[in-house]
Amino acid sequence: VIYYRTNTTYNHNSLNPNTTYYYKAWSSLPENNYTPGVTANATTLCATICAFPYNQGFENRGSIPSCWSEEIITGGLNWVFRTSSGSGFPASAKTVSYNANFYVDAYGTANISKLVTPSFDISGMVSPELVFLVYQPRMASISGYSQNIL
């Protein structure tokens, strides 16, 4: 029990980012009885990244990293996180164990997706840089293919 009063509202403070909290609210009845109550849950937002350098190696055993998201624009192809590209090129990740992989040339150009990072606060930085590795085999041979980053 985090709150026992007669008010009808409660503000739960000092919560952790990206955490799901579960609640049950009930009313007290005479003779120390209670109503069955109602349950609810809520997930807090992800924290803004403000400590740099920030590195993401996609080392979540094949799952999208916490606080990252995927936005499928067209098609149904999802980003996958694996130790190789699936095509054999590259055979393995460059500096870590996993790659974030969106293998479009096997499925055509109708698949468009965004891999979205958590929010960054770079307001105190003089010359911020974004550095990442990209590998896309045979992208020039795909008719109408373009790659937009950022």
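One can find the structure itself at the top, above this paragraph.
What counts, and at which threshold
Residues numbered from 1 in each chain as written. Predicted model: local features only at pLDDT ≥ 70, side-chain atom pairs only at ≥ 80, totals over all residues. Heavy atoms only, no water. Disulfide = S-S within 2.5 Å. Helix = DSSP H or I, 4+ residues; strand = E, 2+ residues; numbered from the N terminus. Buried < 20%, exposed > 50% of the residue type's maximum accessible area, 1.4 Å probe, protein only. Patch = residues over 30% accessible without salt bridge, like charges linked within 9 Å, V, L, I, M, F, W, Y side chains within 5 Å. Areas by Shrake-Rupley, 256 points an atom, 1.4 Å probe, with all protein chains shown as cover. Salt bridge = Lys/Arg side-chain N within 4 Å of Asp/Glu carboxyl O. Polar contact = N/O pair within 3.5 Å; in protein donor to acceptor, adjacent residues only side chain to side chain. Phe/Tyr/Trp six-rings, centres within 6.5 Å; stacked < 30°, edge-to-face > 60°.

Peer 1: Is there a simple way to think about the state of the cysteines in this case?
Peer 2: Every disulfide links exactly two cysteines, by a covalent bond between their sulfur atoms. According to the stated counting rule, one finds one disulfide in the structure shown. Here Cys-46 pairs with Cys-67 through a disulfide, and the sulfurs are 2.1 Å apart. Disulfide Cys-46-Cys-67: the torsion about the S-S bond is -95°, which places it as left-handed. Placement of the pair is Cys-46 in the loop between β4 (38–43) and β5 (69–74) and Cys-67 in the loop between β4 and β5, with a sequence separation of 21 residues. Look at Cys-46 and you get partly exposed, because its relative accessible area is 33%.

Peer 1: Is there a simple way to explain a nonpolar patch on the surface in this structure?
Peer 2: Taken together, the side chains of Val-1, Tyr-4, Trp-26 and Tyr-34 present a nonpolar region at the surface, about 520 Å² in accessible area. Locating Trp-26 in the fold gives a position in the loop between β1 (20–25) and β2 (28–29).

Peer 1: Looking at this structure, how should I read the side chain of Asn-101?
Peer 2: Residue position: Asn-101 is located in strand β7 (residues 99–101). Within the structure, the side chain of Asn-101 is placed 3.0 Å from the side chain of Arg-82, a separation counted as a polar contact.

Peer 1: I tried to follow the packing of aromatic side chains on my own but got confused; where do I start?
Peer 2: Any two aromatic rings considered together are summarised by their centre-to-centre distance and by the angle between their planes. What the rule picks out here adds up to five aromatic pairs. Ring centres of Trp-26 and Tyr-34 lie 6.3 Å apart, and the angle between their planes is 85°; this geometry places the pair in the edge-to-face category. Owing to a relative accessible area of 43%, Tyr-34 belongs among the partly exposed residues under this scheme. Seen from their ring centres, Tyr-54 and Phe-120 are 5.3 Å apart, and the 75° between their planes marks the pair as edge-to-face.

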